[in-house]
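Below are the chains, spelled out letter by letter.
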Amino acid sequence: VQLQASGGGLVQAGDSLRLSCVASGRTFSVQKMGWFRQAPGKEREFVALIKWSGGSTLYTNSVKGRFTVSRDGAKNTVYLQMNRLMPEDTAVYFCAADRAPWSIITAASSFDSWGQGTLVTVSS
């Protein structure tokens with residue numbers, strides 16, 4: 001599975017952005033998609049995940065109520081709508097795909113395929 005993330009940019013605190021991740025290749029094997037982020041000098045951290053067939057989502061506490069993960073099956077695309085952005089949301093955001101049976105495991109090591117990352121910078 002190949003993943004292409006896009007939508008990052010420079011915004012001010014309180015603004016919104018929507019990230020997209022287009023999947024191609026053996027997408028029929030994908031069970032869940034995740035969004036992760038990595039800030040400068042920090043480890044990659046889980047942000048959100050969604051069941052590829054739709055319906056089930058999970059968020060890290062710091063983004064609950066502000067971020068929404070969704071998918072468009074017809075377009076093989078997963079979105080991350082980010083509202084009320086804060087400077088601490090500044091990071092490179094990655095999408096990832098997991099072919100293992102559905103679970104709420106959020107460890108980065110459990111995901112098989114990764115996109116290239118898109119930079120989100122939130123100024124105060």
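Residues numbered from 1 in each chain as written. Predicted model: local features only at pLDDT ≥ 70, side-chain atom pairs only at ≥ 80, totals over all residues. Heavy atoms only, no water.

Can you tell me about the sheet that holds strand β1 (residues 2-6), naming the residues and giving the values?
Pairing is antiparallel across the open sheet formed by four strands, whose spatial order is β1-β3-β8-β7. The open sheet has two edge strands, β1 and β7 (67-72), and neither has a second partner. The mean angle between the axes of side-by-side strands here comes to 15 degrees, regardless of whether they run parallel or antiparallel. Relative to strand β8 (residues 77-82), strand β3 (residues 17-24) runs antiparallel, the two being bridged by six bridges. From the neighbouring strand, arginine 18 faces β8, where its bridge partner is glutamine 81. (Pairing = 2+ DSSP bridges. Helix = DSSP H or I, 4+ residues; strand = E, 2+ residues; numbered from the N terminus. Axes fitted to C-alpha atoms, helices over the stretch in contact; angles between N-to-C directions.)

Talk me through the packing of aromatic side chains; I want residue IDs and the actual numbers.
Applying the stated criterion to the full structure yields five aromatic pairs. Judged by centre distance (5.8 Å) and plane angle (75 degrees), the rings of phenylalanine 36 and phenylalanine 46 are edge-to-face. Of this pair, phenylalanine 36 sits in strand β4 (residues 32-38) while phenylalanine 46 sits in strand β5 (residues 45-51), and the two are ten residues apart along the sequence. The same class applies to phenylalanine 36 and to phenylalanine 46, which are both buried. Members of the aromatic cluster, each reached through a chain of ring pairs, are Phe36, Phe46, Phe94, Phe111 and Trp114. Directly above the ring of phenylalanine 94 sits arginine 44, whose terminal nitrogen or CZ lies 3.8 Å from the centroid. Here the basic side chain of arginine 44 rests over the ring of tryptophan 114, its NZ or CZ set 4.7 Å away from the ring centre. (Phe/Tyr/Trp six-rings, centres within 6.5 Å; stacked < 30°, edge-to-face > 60°. Buried < 20%, exposed > 50% of the residue type's maximum accessible area, 1.4 Å probe, protein only. Lys NZ or Arg CZ within 6 Å of the ring centre and 35° of its normal.)

Which residues make up the environment of arginine 71, and what are the values?
Considering the arrangement of structural elements, one finds arginine 71 in strand β7. Between the alpha carbons of arginine 71 and cysteine 21 there is a distance of 9.2 Å; along the sequence they are 50 residues apart. What arginine 71 contacts, discounting residues up to four positions off in sequence, is Ile50, Lys51, Trp52, Ser53, Gly54, Thr77 and Val78. Engagement of the side chain of arginine 71 in a polar contact is seen with the backbone oxygen of tryptophan 52, the distance being 2.3 Å. (Contact = heavy atoms within 4.5 Å. Polar contact = N/O pair within 3.5 Å; in protein donor to acceptor, adjacent residues only side chain to side chain.)

Tell me about the state of the cysteines, residues and numbers included.
Evaluated as defined, the whole model comprises one disulfide. Here cysteine 21 engages in a disulfide with cysteine 95; their sulfurs sit 2.1 Å apart. Residues cysteine 21 and cysteine 95 are joined through a disulfide that is right-handed, its torsion about the S-S bond being 65 degrees. Here cysteine 21 is found in strand β3, whereas its partner cysteine 95 is found in strand β9 (residues 91-98), with 74 residues between them in sequence. Residue classification places cysteine 95 among the buried positions, given a relative accessible area of 1%. (Disulfide = S-S within 2.5 Å.)

By themselves, these figures tell us nothing about what the structure is for.
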